[in-house]
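# Coordinates in review
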Amino acid sequence: MFTHMQNTNGQNFSNATLNSALNNNITSDNSPNSTVKRIKEVLDKNIDYDKKNLLSDSVPQITLNIKGGILPKFTRVQDNFNGLGLAVHDTYSTEIYIKELDITQNEYRALIRYKVQDHFGLDQGDIKNWKFSQFYFLKTWFVLLRSQSYGFNPFFTNMETDVINKGKKNA
């Protein structure tokens, strides 16, 4: 990613390994604030199996449930060691939507798309954070991104993944 910062003049970056890491982050979240669990809660209660559809007034509830959850970020303890805490850390934007919803007589399968974007660079909030400000190389990185003479440019890191959510009638 540093090479991309040096050589691409701020063009967006995407990478299959980061997409896989995002998928692992989402699917390994067993907390009650998991966005996958929060979507599943609404789907489980609002699918009409006879008509094989999702009740239309439940869509705003999915949005509310997601807003009450914790969006995918790379702020876990293991992310301090696996490089994701430095490469991505927190995220700038997250788009979550149901890409496909297949309903049979007794079960459903939802394909949920996550599109996550982060800016690879440090802003003033990052560098003022006590956790980051103690590292000299982060201060150097901050200056490199802002100095015209070096030509380094921050860029957006784009990640996306699909997660499957399943449920059963009367489960």
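I will try to describe carefully the structure that is included in this document. All values reported here derive from a predicted model rather than from experimental measurement.

Thresholds, definitions, all that
- Residues numbered from 1 in each chain as written.
- Predicted model: local features only at pLDDT ≥ 70, side-chain atom pairs only at ≥ 80, totals over all residues.
- Heavy atoms only, no water.
- Pairing = 2+ DSSP bridges.
- Helix = DSSP H or I, 4+ residues; strand = E, 2+ residues; numbered from the N terminus.
- Salt bridge = Lys/Arg side-chain N within 4 Å of Asp/Glu carboxyl O.
- Buried < 20%, exposed > 50% of the residue type's maximum accessible area, 1.4 Å probe, protein only.
- Phe/Tyr/Trp six-rings, centres within 6.5 Å; stacked < 30°, edge-to-face > 60°.

## Topic: the sheet that holds strand β1 (residues 13–14)
By way of backbone hydrogen bonds, the strands of a sheet pair with one another, either parallel or antiparallel. Spatial ordering of the open sheet is given by β1-β6-β5-β4, a layout of four strands whose pairing is mixed. On the outer flanks of this sheet lie β1 and β4 (93–103), each paired with one strand and no other. Where strand β5 (residues 107–120) lies against strand β6 (residues 155–168), 14 bridges are found, and the strand directions are antiparallel. Bridge pairing in β6 links I112 to V163.

## A short note on the pattern of salt bridges
Two side chains carrying opposite charge are able to pair once their charged atoms lie near each other. Scanning the entire structure with this criterion turns up six salt bridges. A salt bridge links D162 to K99, with the shortest nitrogen-to-oxygen separation between them at 3.7 Å. Taken together, the positions of D162 in strand β6 and K99 in strand β4 put the pair 63 residues apart, joining distant regions of the chain. Judged by its relative accessible area of 27%, D162 falls in the partly exposed class. The partly exposed category is assigned to K99, whose relative accessible area is 41%.

## A closer look at the pairing of β6
In this sheet, β6 lies alongside β1 in parallel orientation, the contact comprising two bridges. In the strand pairing of β6, S14 is matched with N158.

## Quick look at the packing of aromatic side chains
Scanning the entire structure with this criterion turns up one aromatic pair. Between Y92 and F156, the aromatic rings sit 5.5 Å apart at their centres with planes inclined by 45°, giving tilted as the arrangement. Taken as a pair, Y92 in the loop between α6 (84–87) and β4 and F156 in strand β6 lie far apart in primary sequence, 64 residues in all. Overall, the relative accessible area of 31% leaves F156 in the partly exposed class.

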